[in-house]
Amino acid sequence: MNPIKKILGISGLLMFVVILTAVSSESFTSAYNLENLIRRTALFGILSVGVAFVIITGGIDLSIGSVVCLVGCGLPWMLAVQGWPLPLALGITAIGAMAVGLMHGLLITKLKLQPFVVTLCALLLYRGLARGLTGDQTVGFGNSFKELRMLATYKIPIVEGFGIPVPCLILLVVAVAAAIFLNRTIYGRYLLALGRNEQAARYSGINTDRMVILAYVICSVLAGLGGMLFVLDVNSAQPVDFGNFYELYAIAAAVLGGCSLRGGAGTIVGVIIGAALMQVLRNMITLSNVIPTHIEFAVIGAVILCGVIADELVKRYAAKKRAERQAAG
């Protein structure tokens with residue numbers, strides 16, 4: 001299916017949900033709610049862009065939420081509890097995130113382990129490390145590191161009473177860089193070719209192992225960046241539940257945005273629109289009196305399933321039409 005058509009389709013669905021939410025709740029259009037919605041979309045968008053690279057290769061990463069937890073708990077633990085210098089803490093966070101992705105990639109490529117198994121085990125491992133590191137206690141910045149926290153909390157004024165949160169600008173930088181990498185560099189074409197047919201890509205001279213490792217490193221680095229921004233936004237993290245289900249929101253956004261779970265297809269613009277759709281859905285459930293908040297996951301799961309089914313039906317229809325045209329030709 002044409003990527004432009006996919007983007008138009010998900011954009012239309014997003015606009016429908018936005019209008020429906022605005023009609024059902026007056027508070028949806030308040031400056032406070034819109035700023036918060038944009039901020040959450042940007043934070044989850046960063047995670048979604050990262051997992052998109054993995055999905056494009058035909059893999060999956062279930063450890064994103066736990067990486068968010070480990071970084072979100074580890075950064076304030078290093079800064080506020082242990083009193084380490086800020087450059088050291090940020091350096092350890094960055095190196096740790098890269099090491100996580102490198103480990104995933106090596107286990108998958110060199111030991112030929114399934115991505116599902118590797119990242120599922122990592123999901124448990126990183127959350128356990130976060131709980132052990134903090135003694136299973138809530139950690140936060142308190143009233144310190146206000147300048148650092150501005151990365152997540154500061155708003156750039158646009159009109160009176162409304163501003164664009166800084167995480168939105170960070171997402172913009174990440175998205176532009178990711179789109180250029182995926183669509184304008186040889187390595188991006190390698191990733192897409194790997195996802196379409198790994199064996200053919202290998203025979204054509206592509207170092208497929210290196211590309212898989214690169215995809216997992218990008219995913220973990222962006223998960224680490226997201227984890228840092230999440231904890232700076234809320235100012236504290238509880239290791240038992242911080243980042244819970246974030247990997248599912250990120251994967252759902254990527255799939256709704258046009259990334260095929262079979263690999264070989266995906267656009268960064270579509271992924272960001274998918275992330276926005278997921279957050280507007282959550283916002284609609286929170287604000288609307290029609291849908292009970294305790295069935296949030298059921299509603300979102302149903303929407304994701306409908307999106308995947310629709311995508312599969314459209315693909316089959318397009319394949320059938322192509323076959324008919326070839327037969328007629």
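In this text, all values refer to a predicted model and were calculated from it rather than measured experimentally.

Trainee: What am I meant to see in the overall build of the chain here?
Mentor: Tallying secondary structure elements over the chain gives 13 helices and 4 strands in all. Over its C-alpha trace the chain gives a radius of gyration of 20 Å, about what one expects of a compact globule, namely 20 Å for 329 residues. When its C-alpha atoms are laid out on the principal axes, the chain stretches across 70 × 50 × 35 Å. Within the chain, the fraction of its 329 residues that count as buried is 47%. Partitioning the intrachain contacts of the chain with sequence separation of at least 6 by distance along the chain shows that 76% fall at a separation of at least 24. Counting only carbon and sulfur atoms, one obtains 66% of the accessible surface of the chain, whose full area is about 16000 Å². Within the chain, one finds 24 positive and 15 negative side-chain charges whose respective centroids are separated by 11 Å.

Trainee: Could you clarify how one ought to interpret unusual backbone geometry in this entry?
Mentor: The phi angle of most residues is negative, glycine excepted, and most peptide bonds adopt the trans form. Despite not being glycine, Phe145 shows a phi value in the positive range, around 55 degrees. Looking at the element boundaries, Phe145 is found in the loop between β1 (139-140) and α6 (146-153). For Asn235, which is not glycine, the phi dihedral falls at a positive 75 degrees. Counting through the fold element by element, Asn235 comes out in the loop between α10 (208-234) and β4 (236-237).

Trainee: What should I look at first to understand the side chain of Asn33 in this one?
Mentor: Looking at where Asn33 falls in the secondary structure, it is placed in helix α2 (residues 31-56). Here Asn33 falls in the buried class, since its relative accessible area comes to 8%. Within the structure, the side chain of Asn33 is placed 2.9 Å from the side chain of Asn283, a separation counted as a polar contact. If we skip the residues at most four places from it in the chain, Asn33 touches Ser27, Phe28, Asn283 and Leu287.

Trainee: Just checking my understanding: could you explain the packing of aromatic side chains for this structure?
Mentor: Aromatic ring pairs: the centre-centre distance and the angle between the two ring planes describe each pair. Considering all chains together, one arrives at 10 aromatic pairs under this definition. For the ring pair Phe44 and Tyr249, a centre distance of 5.6 Å and an interplane angle of 65 degrees mean the geometry is edge-to-face. Separated by 205 residues along the polypeptide, Phe44 in helix α2 and Tyr249 in helix α11 (residues 246-256) bring together distant segments of the chain. Phe44 sits in the buried class, given a relative accessible area of 1%.

Trainee: Teacher, can you tell me more about α2 here?
Mentor: Along an α-helix, residues three or four positions apart point the same way, because every turn accommodates 3.6 residues. For α2, built from 26 residues, the straight-helix expectation of 38 Å at 1.5 Å per residue is met to within 8% by its first-to-last C-alpha distance of 36 Å. Here α2 lies mainly inside the structure; 21 of its 26 residues are buried.

Trainee: Explanation requested: the packing of helix α3 (residues 64-81) against helix α4 (residues 86-109) in the structure shown.
Mentor: The packing of two helices is summarised by the inter-axis angle and the distance between the axes. Where α3 meets α4, the closest approach of the two axes is 10 Å, and the angle between their N-to-C directions is 160 degrees. Here α4 runs roughly antiparallel to α3, going by the angle between their axes. Between α3 and α4 the crossing geometry is right-handed. Of α4, the residues touching α3 (which contributes Val67, Val71, Leu75, Met78 and Leu79) are Leu86, Ala89, Leu90, Ile92, Thr93 and Val100. Partitioning the contact of α3 with α4 into residue classes produces 10 nonpolar, 1 polar and no charged.

Cut-offs and rules
- Residues numbered from 1 in each chain as written.
- Predicted model: local features only at pLDDT ≥ 70, side-chain atom pairs only at ≥ 80, totals over all residues.
- Heavy atoms only, no water.
- Helix = DSSP H or I, 4+ residues; strand = E, 2+ residues; numbered from the N terminus.
- Rg over C-alpha atoms; globule rule 2.2 N^0.38 Å.
- Buried < 20%, exposed > 50% of the residue type's maximum accessible area, 1.4 Å probe, protein only.
- Contact = heavy atoms within 4.5 Å.
- Areas by Shrake-Rupley, 256 points an atom, 1.4 Å probe, with all protein chains shown as cover.
- Lys, Arg positive; Asp, Glu negative; His and termini not counted.
- Charge placed at Lys NZ, Arg CZ, Asp CG, Glu CD.
- Polar contact = N/O pair within 3.5 Å; in protein donor to acceptor, adjacent residues only side chain to side chain.
- Phe/Tyr/Trp six-rings, centres within 6.5 Å; stacked < 30°, edge-to-face > 60°.
- Expected span 1.5 Å × (residues − 1).
- Axes fitted to C-alpha atoms, helices over the stretch in contact; angles between N-to-C directions.
- Parallel < 35°, antiparallel > 145°, perpendicular 65-115°, else oblique.
- Left-handed = near helix turned anticlockwise from the far one by under 90°.
- Nonpolar A, V, L, I, M, F, W, Y, C, P; charged D, E, K, R; others polar.

Nothing here speaks to function; it is geometry throughout.
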